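# What the coordinates show
Each chain, written out:
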Amino acid sequence: MINHISLDEVDSTNSYLKQRRAVLPDGTLVTAGLQTAGRGRRGHDWAADRGMLPFSLLLKNPPHPETVTLCAAVAVCNALEALLPEEKFGIKWPNDIILQGYKLCGILCESVCFGESMDIICGIGVNLTQNADFFRKANIPHGASLEMLTGYSADRVKLAEDIAQRLYEYSREGFACVSEEYVKRCLTIGKKIRIIENGGEREAFADGIAPNGFLICSDENGRFEVNSGEVSVRGLMDYI
Ligand code: BTN
């Protein structure tokens, strides 16, 4: 099912697919050895060396585009846990993958609309073998690689293909098929959080995840939901 394009170097695997999506089939996976202008969420850069595994999956007109990003988080956790069953891979809502308190992987889903249809490009960056020096120099204090944390060095191609295959299946079935698994892994639920929006901040309690992927919260004024496209969420004391 997966059509795999393997590149040695590219500016961004997301940009590569965005530019060519019209002529590529649904389920195309692009991986790269090095990404030179990787993009993160909220317009941030995504720093990399060859220790980071960048890849993107093209989903043409998926049935539930709004929850692909949450499906991707579960796909990453399940694929990594198949390799390292003794480790606990958690999710910081909506889609940072956390191992031993460190960010191991980031996910950037982008959409392209045309007429009534929408394609999704789901980009995933897994920190596989970078060393502590990389994260220090890139000023990413809460980042770490799989090798740093576990000593395990994963096969890049097999891992990307396994995650892509799982993501493709989950995104067809919809978030409902993995929502229980998502909630089990979600480190945000049950915590006091800070919601950051439009330059302001407010405190709330994270209660759960709505079927559309929004975070269900409560504060002294009652219950409300927040959308990851509009707010960013941090723990009260720290990043998680
Ligand atoms: C985040 O900010 O946490 C999301 C980072 C997403 C990085 C990946 S690496 C592969 C794909 N290509 C990009 O330019 N970004 C994503």
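To be clear, the structure that these remarks concern was listed above.
Residues numbered from 1 in each chain as written. Predicted model: local features only at pLDDT ≥ 70, side-chain atom pairs only at ≥ 80, totals over all residues. Heavy atoms only, no water.

## Describing the pattern of salt bridges
Rule in force here: Every case where a carboxyl oxygen of Asp or Glu lies within 4 Å of a side-chain nitrogen of Lys or Arg is listed as a salt bridge. Numbering goes from the N terminus for both helices and strands, where a helix is a DSSP run of H or I of at least four residues and a strand is a run of E of at least two. The classification of residues rests on relative accessible area computed with a 1.4 Å probe and restricted to protein chains. Under 20% of the type maximum is buried, over 50% is exposed, and intermediate values are partly exposed.
Counted according to the given criterion, the structure contains 15 salt bridges. Between R50 and D8 there is a salt bridge, with its nearest N and O atoms 3.1 Å apart. Placement of R50 in the loop between β2 (28-35) and β3 (52-60) and of D8 in strand β1 (residues 3-10) is noted, with a sequence separation of 42 residues between them. On the basis of relative accessibility, which here comes to 41%, the residue R50 falls in the partly exposed class. The partner of R50 in a salt bridge is E9, and the shortest N-O contact between them spans 3.9 Å. Pair noted here: R50 is in the loop between β2 and β3 and E9 is in strand β1, with a separation of 41 residues, a long-range link. A residue is classified by how much of its surface remains accessible, and E9, at 47% relative accessible area, is partly exposed. The structure contains a network of salt bridges with shared partners spanning E81, E181, K184 and R185.

## Focus on the sheet that holds β3
Keep this limit in mind: Pairs of strands are assigned from DSSP output, requiring at least two bridges between the strands. Axis lines are fitted to C-alpha atoms, over the contacting stretch for helices. Their N-to-C directions set the angle, which ranges from 0 to 180 degrees. Contact criterion: two residues are considered in contact whenever any of their non-hydrogen atoms come within 4.5 Å of each other.
Spatial strand order, β1-β2-β3-β7-β6-β5-β4: 7 strands in an open sheet with mixed pairing. Since the sheet does not close on itself, it has two edges, and those belong to β1 and β4 (89-92), each with one partner. The average undirected angle you get between the axes of adjacent strands in this sheet is 20 degrees. Inspection of the sheet shows β3 paired to strand β7 (residues 117-127) by 9 bridges, in the antiparallel sense. Residue pairing across strands places L59 opposite I120, the latter belonging to β7. The strands touched by helix α5 (residues 156-173) within the sheet are β1, β2, β3 and β7, with β3 carrying the most contacts at an inclination of about 30 degrees.

## Focus: the sheet that holds strand β9 (residues 200-209)
Backbone hydrogen bonds are what pair the strands of a sheet, in a parallel or an antiparallel way. Taken together, 5 strands build an open sheet; the order of strands is β11-β10-β9-β8-β12 and the sheet is antiparallel. The open sheet has two edge strands with one neighbour each: β11 (222-226) and β12 (232-235). Here the strands of the sheet are splayed against their neighbours by 45 degrees on average, with no regard to which way each runs. In terms of strand pairing, strand β10 (residues 215-219) meets β11 through 5 bridges, oriented antiparallel. Looking across to β11, one finds that D219 is bridged to G222.

## A short note on the site of the ligand
For clarity, the cut-off: A single heavy atom is enough: if one lies within 4 Å of a molecule or strand, its residue is considered near that molecule or strand. Between N or O atoms, a polar contact is any pair within 3.5 Å; within protein, one atom must be a potential hydrogen donor and the other a potential acceptor, and residues adjacent in sequence are included only when both atoms are from side chains. Accessible areas in this description were obtained via Shrake-Rupley with a 1.4 Å probe; residue shielding takes into account the shown protein chains only.
Near the ligand there are 20 residues, and of these S12, Q35, R39, R41 and K103 occur at the shortest range. A distance of 3.3 Å separates a nitrogen atom of the ligand from a polar side-chain atom of T13. Here K103 contributes a side-chain N or O atom positioned 2.7 Å from an oxygen atom of the ligand. The fraction of the free accessible surface of the ligand (410 Å²) that becomes covered by protein chains is 97%. Of all the elements in the fold, those that place two or more residues in the shell around the ligand are α1 (13-20), β3, β6 (102-114) and β7. Sorting elements by how many residues they give to the shell around the ligand places β6 first, with 4 residues.

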